Amino acid sequence: MPALPALNPRRSLRTLACALPLLLAACGGGGDAGTPPPLSCSVAGQQDWLQTYMNDWYFWYGLSPKPAPTGYVTVAGYFDALLYRGGDLIPGDATGARWPSDRYSGYQTTESFNRFYGDGQTLGYGVAVAGLEVTVPTPQPAQPLFIRYIEPLSPAAAAGLVRGERVMSLNGRSAADIIAANDFSALTPNLADEQLTLVVRNAAGFDRTVVVTAKIFSLTPVQNAQILSSPNGRRLGYVLVKDMIDQANTPLATAFNTFRASGVQELVL
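Small disclaimer: the values here were computed from a predicted structure and weren't measured. (Residues numbered from 1 in each chain as written. Predicted model: local features only at pLDDT ≥ 70, side-chain atom pairs only at ≥ 80, totals over all residues. Heavy atoms only, no water.)

Even after reading the chapter, I still don't get the environment of Pro155, so can you show me in this structure?
As for its position among the elements, Pro155 is in helix H6 (residues 155-158). Using a relative accessible area of 9% as the deciding quantity, one classes Pro155 as buried. (Helix = DSSP H or I, 4+ residues; strand = E, 2+ residues; numbered from the N terminus. Buried < 20%, exposed > 50% of the residue type's maximum accessible area, 1.4 Å probe, protein only.)

What follows is the structure, encoded as structure tokens:
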């Protein structure tokens, strides 16, 4: 296994910026023992805070670019500029392998964060596509783009979209163009009632147009709990846990109680 790059011990204790949404701190006032909040709610004030926060806690700090905020007109634009894009040689790897880019970091508003982790809800269309398969390590626009997942209680589910259907276009933009640009932003609405128009092709080769309207809907964090039998007769408990939120506790406990009562010997989680 290749050696990891040296990390600042203090930074390695808190990797929020690599695995969880980054929430811009409330402006002014005090704070916890972490990076103090910005003194000003101006773009410049938030950017200065973001620079300090990333310097303190970003997992890829030793490898990432560190541009000054000057020249970036939005906080989002500056955040993107601070992310590690990969390409550095992995120390000690004789094959010449290189570190991949950071595809884990992101940010969201406090309202969105509280809605997801507190209320178990999200604003969106409820459709995810298999984008990584056609963009990593490089974009492959000639490859098909498939629907990977549909949230059960989402507008996409209500509109009849199905996992495995091939996406031909999003809002009039071809799948090939979306893949080439590695730009799947059309799948993420900014506000409720925004619309997404998809042309999808089913397994029989027939195309249809589906219009989906964004809304706030409840997540279904635990799904498909069932008991299966292996070829040699062992009983297998299978359950999908998609979202690590409080609303997963009750259905997950129910699934495990059922597994226990049914004498399950193996677990697929």
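What am I meant to see in the pairing of strand E8 (residues 195-201) here?
Put simply, side chains in a regular strand alternate between the two faces of the sheet. Residue alternation in E8 divides its side chains into a buried set, Leu196, Leu198 and Val200, and an unburied set, Gln195, Thr197, Val199 and Arg201. In terms of strand pairing, strand E6 (residues 166-170) meets E8 through four bridges, oriented antiparallel. The partner of Arg166 across the bridge, within E8, is Arg201. Linking E8 to strand E9 (residues 207-213), which pair antiparallel, is a turn of five residues; within it Gly205 sits at a positive phi near 90°. (Pairing = 2+ DSSP bridges.)

Sorry, what's going on with the pattern of salt bridges here?
Pairing is possible between side chains that carry opposite charge, provided their charged atoms lie close to one another. Enumeration over the complete set of coordinates arrives at nine salt bridges. The partner of Arg148 in a salt bridge is Glu133, with the nearest N and O atoms 2.5 Å apart. In this pair, Arg148 is assigned in strand E5 (residues 145-150) and Glu133 in the loop between strand E4 (127-129) and E5, connecting sequence segments 15 residues apart. Ionic pairing is found between Arg208 and Glu165, a salt bridge with its closest N-O pair at 3.0 Å. In this pair, Arg208 is assigned in strand E9 and Glu165 in the loop between H6 and E6, connecting sequence segments 43 residues apart. Connected through salt bridges with shared partners, the residues Glu151, Lys242 and Asp243 form a single ionic network. (Salt bridge = Lys/Arg side-chain N within 4 Å of Asp/Glu carboxyl O.)

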